[in-house]
Amino acid sequence: MKSGRVWKYGENINTDVIFPGKYTYSVLDPEEMAGHALEDLDPDFAGSVQPGDVVVAGKNFGCGSSREQAAACLKFAGVQAVIAKSFARIFFRNAINQGLSVIKCPEAVDGISDDEKIAIDFSAGKILAGEKVFSFPPLPDSVIGLLEAGGLIPYTKKKLKGDI
Amino acid sequence: MGKTFAEKCLGHKAAKPVTAGEVVTISPDYLLSHDNSAAIIKEFHELGIPKVKDPKKIVIVLDHIVPAAAEKYAQYHKEIREFIAEQNISNFFDIHHGICHQVFCENGFALPGKLILGADSHTTSYGAFGAFSAGIGRSELASVWATDEIWLRVPETLKVEMSGKPQKGVFAKDIILKIIGDNGAGRANYMSVEFTGPAAADFSLASRIVLANMAAEMGAKNGYFSPDDTVFTWLNKRARENYEPVYSDSDAVYESVLVYDLSEIEPQVACPHTVDNVKPVSMLDGKAFHQALIGTCTNGREEDLEVAAFILKGKKVHPSVRVLVIPASRAEYLNAMRTGILESLSEAGCVILNPGCGPCLGAHQGVLASGEIALSTANRNFRGRMGSRDSEIYLASPATVAASALEGKITDPRKYL
Ligand code: SF4
């Protein structure tokens, strides 16, 4: 169980502020991608985020473009999970396909403050924030399989080889 | 109990009856990608197999940054062309064709009842033809190139029932902005949206594309219009293959039904920085801006350029604004050239750009500086989308943008029509 600091944002956080469109066809390198994470939402984020940190947000996180870098840049920046009240459909798929954990838990979003230190127990489906504990339904096995393989590409690779 | 379009269409593909909430693993009909194919190719190579499973299903259109605006884009375009040759992908449209969604439709891939996946969020556009079309991410598309299958959750359906005749000066764009503004950017998240009612059939195909395209801005997985003669006639010489239209049952079960009388809707404007921040144009009358954009996959077709030319013909755009016009495809460009639309727009002082995405995604051809404001016919006004994070984007119909370009400030188009 890893713990990390919370970066809390509002509702409808869209893919353009998570990873600006102007970089989608020019920035492909993981480290460089991480450097632009949340650039147009919170210019301080990329410089100070630490491995294990958690992004917490309101409804419809990741709405907008299908660009997968929106999920990838957060993963490469070391974010262990995004907790939101709800996720936009394509972002949700992209996050899992990139091996970034996404947790839908409205109570946790309301109960957790910016900058707080929290820990996530994925197998038990629990978020621990000081005295407070929030539960979320554990992810389906198929999705856990994808996350454990490190995302869709390594997963499909294994499948094509007949290893799954 | 009847079934929705989404349930029936995905059920046909899965060869079994399905209901909303079920997950199906199915084989798609067409797979679209654009300049992002370079990144998809990279993911595909990671898979360690030499060949895509079915090259006939792959459609690639170079449109986002065309012609290449910098060396790195040129490099990606080159890698895409090499991959296409090596994999025998025949459905390739190089930089001179136009925006992927328009080119895809013009070339007869957008067909009723087909399952189309694209690595672009506005893949929802083909619902205008009665297809089930949804956006997916890059590694997912790479994986489908390799395996020819994908899992999809059968979505719940939101029905939008439209009646009444829109007032003069009110277009498809105003109607979809009104619907998104009233219901919020996440209202249709994960859902299929069916645009129905007596007014739906009155829309031109181009107008249907506007609604289906922007269904994505409500979070929809796909948008849908019942295919009718408007669609069949258009497809007559264009359809790539046979198709089987799919219609929802009259007793289908919907998540909700939204009812709109189109005669009550005024011209609308989406304000920064979300598409659901919508106000009637009367509330913004007089708001100054710097750059106008008429075009994109949302509003770059004949009816859009025509109304803009009607308003601007014989006049001059206001000296305080610059106006960019970008037809959605070469076919639209040629048509607008032959009918004199481009001449009128150019004489009025507009800059006519080559068909493509142009400034829509902020990479080239009219990037905004800090503090600048754009009024655009595109589908998205997120912070920083067209350039500086300190710029602003307002969205409106081509008529509103053209009327506003004349006056140099946001203007109700009705007085010019
Ligand atoms: S015109 Fe704009 S919205 Fe349409 S495909 Fe191009 S970048 Fe995307």
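Within every chain, residues take consecutive numbers counted from 1 along the sequence as written. Written order determines the labels here, with chains lettered from A and ligands numbered from 1. Totals for whole chains, interfaces and linings use all residues, but because this is a predicted model, local features are given only for residues with pLDDT of at least 70 and pairs of side-chain atoms are given and counted only at 80 or more. No hydrogens and no water enter the side-chain calculation; it runs on all heavy atoms of the structure.

Participant: Just to check I follow, could you spell out the overall build of chain A for this structure?
Facilitator: For the purposes of this entry, the term helix denotes a DSSP run of H or I that reaches at least four residues, the term strand denotes a run of E that reaches at least two, and both are numbered from the N terminus. Scanning chain A from N- to C-terminus turns up 8 helices and 7 strands. A radius of gyration in this sense is built from C-alpha atoms; the matching globule rule multiplies 2.2 Å by the number of residues raised to 0.38. Taking 2.2 N^0.38 as the reference for a compact globule, 164 residues should give roughly 15 Å; the C-alpha atoms of chain A span a radius of gyration of 15 Å, in line with that estimate. Think of it in three bands: residues with accessible area under 20% of the maximum for their type are buried, residues over 50% are exposed, and the middle band is partly exposed, with areas taken using a 1.4 Å probe on protein chains only. The proportion of buried residues among the 164 residues of chain A is 59%. Surface accessibility of chain A: about 6400 Å² in total, with carbon and sulfur atoms responsible for 51%. The charge count treats Lys and Arg as positive and Asp and Glu as negative. His and the chain ends do not count. Each charge is placed at NZ for Lys, CZ for Arg, CG for Asp and CD for Glu. Taking the average location of the 18 positive side-chain charges in chain A and that of its 21 negative ones, the two points are 7 Å from each other. Values of accessible area rely on a 1.4 Å probe in the Shrake-Rupley scheme; residue burial ignores everything except the protein chains shown.

Participant: Could you clarify how one ought to interpret helix H2 (residues 37-46) of chain B in this entry?
Facilitator: Working note: α-helix, 3.6 residues per turn, so residues spaced by three or four point in the same direction. Buried residues dominate H2(B), accounting for 7 of its 10 residues. Among the residues of H2(B), B:Ser37, B:Ala38, B:Ala39, B:Ile40, B:Ile41, B:Glu43 and B:Phe44 are the ones counted as buried. Note on definitions: a residue-residue contact is assigned when non-hydrogen atoms from the two residues lie within 4.5 Å. Along its buried surface, H2(B) packs onto helix H5 (89-98) and helix H8 (152-161) of chain A together with strand E2 (30-33), strand E3 (58-61), helix H3 (71-86) and helix H5 (138-147) of chain B. Among the residues trailing H2(B), B:Gly48 stands out with phi positive, at a value near 75°.

Participant: What exactly am I supposed to notice about the site of the ligand here?
Facilitator: Nearness is judged by heavy atoms alone; a residue qualifies as near a molecule or strand once a single heavy atom is within 4 Å of it. Neighbouring the ligand are B:His64, B:Ile99, B:His101, B:His122, B:Thr296, B:Cys297, B:Cys357, B:Cys360, B:Asn379 and B:Arg385. Looking at which domains feed residues into the shell around the ligand, each of domain 1 (5-260) and domain 2 (268-412) of chain B supplies at least three. Each domain's extent is set by a domain assignment, obtained either automatically or from a database.

Participant: Sorry if this is basic, but what is going on with the interface of chain B and chain A here?
Facilitator: A common way to express how large an interface is: the accessible area buried when the components associate. Taken together, the contact pairs 48 residues of chain B with 37 residues of chain A. Buried surface at the junction of chain B and chain A, both sides included, amounts to about 3500 Å², of which 52% is carbon and sulfur. Each reported salt bridge corresponds to a side-chain nitrogen of Lys or Arg within 4 Å of a carboxyl oxygen of Asp or Glu. Linking chain B to chain A there are 4 salt bridges. The term polar contact refers here to a pair of N or O atoms within 3.5 Å; inside protein, the definition further demands a hydrogen-donor-capable atom paired with an acceptor-capable atom, and it admits residues adjacent in sequence only when both atoms are side-chain atoms. Where chain B meets chain A, there are 21 residue pairs in polar contact (both at pLDDT 80 or more). Elements that contribute at least two residues to the side of chain B that touches chain A include exactly H2, H3, strand E6 (132-135), H5 and strand E7 (150-153) of chain B. If you tally residues by element for the side of chain B that touches chain A, the top one is H5(B), at 7 residues. Charged residues are taken to be Asp, Glu, Lys and Arg, nonpolar residues to be Ala, Val, Leu, Ile, Met, Phe, Trp, Tyr, Cys and Pro, and polar residues to be all remaining types, Gly included. In terms of residue class, the side of chain B that touches chain A is made up of 18 nonpolar, 15 polar and 15 charged. The buried area of a pairing is the accessible area, by a 1.4 Å probe, that goes missing from both parts when the two are put together, added over both.

Participant: Would you mind going over the side chain of B:Arg301 with me for this structure?
Facilitator: Residue and element names in this part refer to chain B. Mapped onto the fold, Arg-301 is located in the loop between helix H10 (296-299) and helix H11 (302-312). Buried and unpaired, Arg-301 has no salt bridge, with Asp-304 as the nearest side chain of opposite charge at 4.5 Å. Ignoring sequence-local partners within four residues, the contact set of Arg-301 consists of Gln-102, Ala-206, Ile-209, Val-210 and Glu-332.

Participant: Where do I start with the packing of H11(B) against helix H14 (residues 398-407) of chain B in this structure?
Facilitator: Think of two packed helices as two axes; the pair is described by the angle between the axes and how far apart they sit. Residue and element names in this part refer to chain B. Here, axes are lines fitted to C-alpha atoms. For helices the fit covers the stretch in contact, and angles between N-to-C directions go from 0 to 180 degrees. The geometry of H11 relative to H14 is characterised by a closest axis approach of 8 Å and an angle of 25° between their N-to-C directions. One element, H11, and the other, H14, form an angle in the roughly parallel class. Taken as a pair, H11 and H14 cross one another with a handedness that is right-handed. The segment H11 lies against H14, with Asp-304, Val-307, Ala-308, Ile-311 and Leu-312 engaging Pro-398, Ala-399, Ala-402, Ala-403 and Leu-406. Among the residues making up the contact of H11 with H14, the classes are represented as 9 nonpolar, no polar and 1 charged. In what follows, roughly perpendicular refers to angles from 65 to 115 degrees, roughly parallel to angles under 35, roughly antiparallel to angles over 145, and oblique to any angle outside these ranges. In this scheme, a crossing is called left-handed if the near helix is turned counterclockwise away from the far one by less than a right angle; it is called right-handed if the turn is clockwise.

Participant: Looking at this model, I keep getting lost on the sheet that holds strand E5 (residues 115-118) of chain B. Mind explaining?
Facilitator: The strands making up a sheet associate through hydrogen bonds between their backbones, and the pairing can be parallel or antiparallel. Residue and element names in this part refer to chain B. Within the open sheet, the 5 strands sit side by side as E4-E3-E2-E5-E6. Their pairing is parallel. Each end of this open sheet is capped by a strand with a single partner; those strands are strand E4 (91-93) and E6. Averaged over all pairs of adjacent strands, the angle between strand axes in this sheet comes to 15°, irrespective of strand direction. For E3 and E4, the ladder comprises 3 bridges, and the chain directions are parallel. We treat two strands as partners when DSSP finds at least two bridges between them.

Participant: Even after reading the chapter, I still don't get the nonpolar core, so can you show me in this structure?
Facilitator: Generally speaking, soluble globular proteins have nonpolar side chains that are buried together. Residue and element names in this part refer to chain B. Formed by 43 residues in total, the largest nonpolar core has its most connected members in Phe-44, Ile-60, Phe-132 and Trp-145. Filtering out sequence-adjacent residues up to four positions away, Ile-60 remains in contact with Ser-33, His-34, Ser-37, Ile-80, Ile-84, Ile-89, Asn-91, Phe-92, Phe-93 and Trp-145. Counting 41 residues, the second-largest nonpolar core is a separate cluster that includes Ala-188, Ala-200, Val-210 and Ala-374. Among buried residues, those of type Ala, Val, Leu, Ile, Met, Phe, Trp, Tyr and Cys that are joined through side-chain atoms within 4.5 Å constitute a nonpolar core.

Participant: Could you clarify how one ought to interpret the confidence of the model for chain A in this entry?
Facilitator: Detailed reading of predicted coordinates is not advised where the pLDDT is low. What pLDDT conveys is the predictor's confidence in a given residue, as a value from 0 to 100. Looking at chain A, pLDDT values average 92 and 100% of them are 70 or higher. Ranking the elements of chain A by mean pLDDT puts helix H7 (residues 141-149) of chain A last, at 82, and strand E2 (residues 54-57) of chain A first, at 98.

Participant: When you look at the pairing of strand E14 (residues 291-295) of chain B in this model, what are you seeing that I'm missing?
Facilitator: Consecutive side chains along a regular strand alternate between the two faces of the sheet. Residues and elements named next belong to chain B. Counted residue by residue, E14 has 5 buried out of 5 residues, so it is predominantly covered. Burial of E14 is two-sided: the residues Gln-291, Leu-293 and Gly-295 facing one way and the residues Ala-292 and Ile-294 facing the other way are all buried. Bridging between E14 and strand E15 (residues 322-326) involves 5 bridges; their strand directions are parallel. Looking at the pairing, Gly-295 lines up with Ile-326 of E15.

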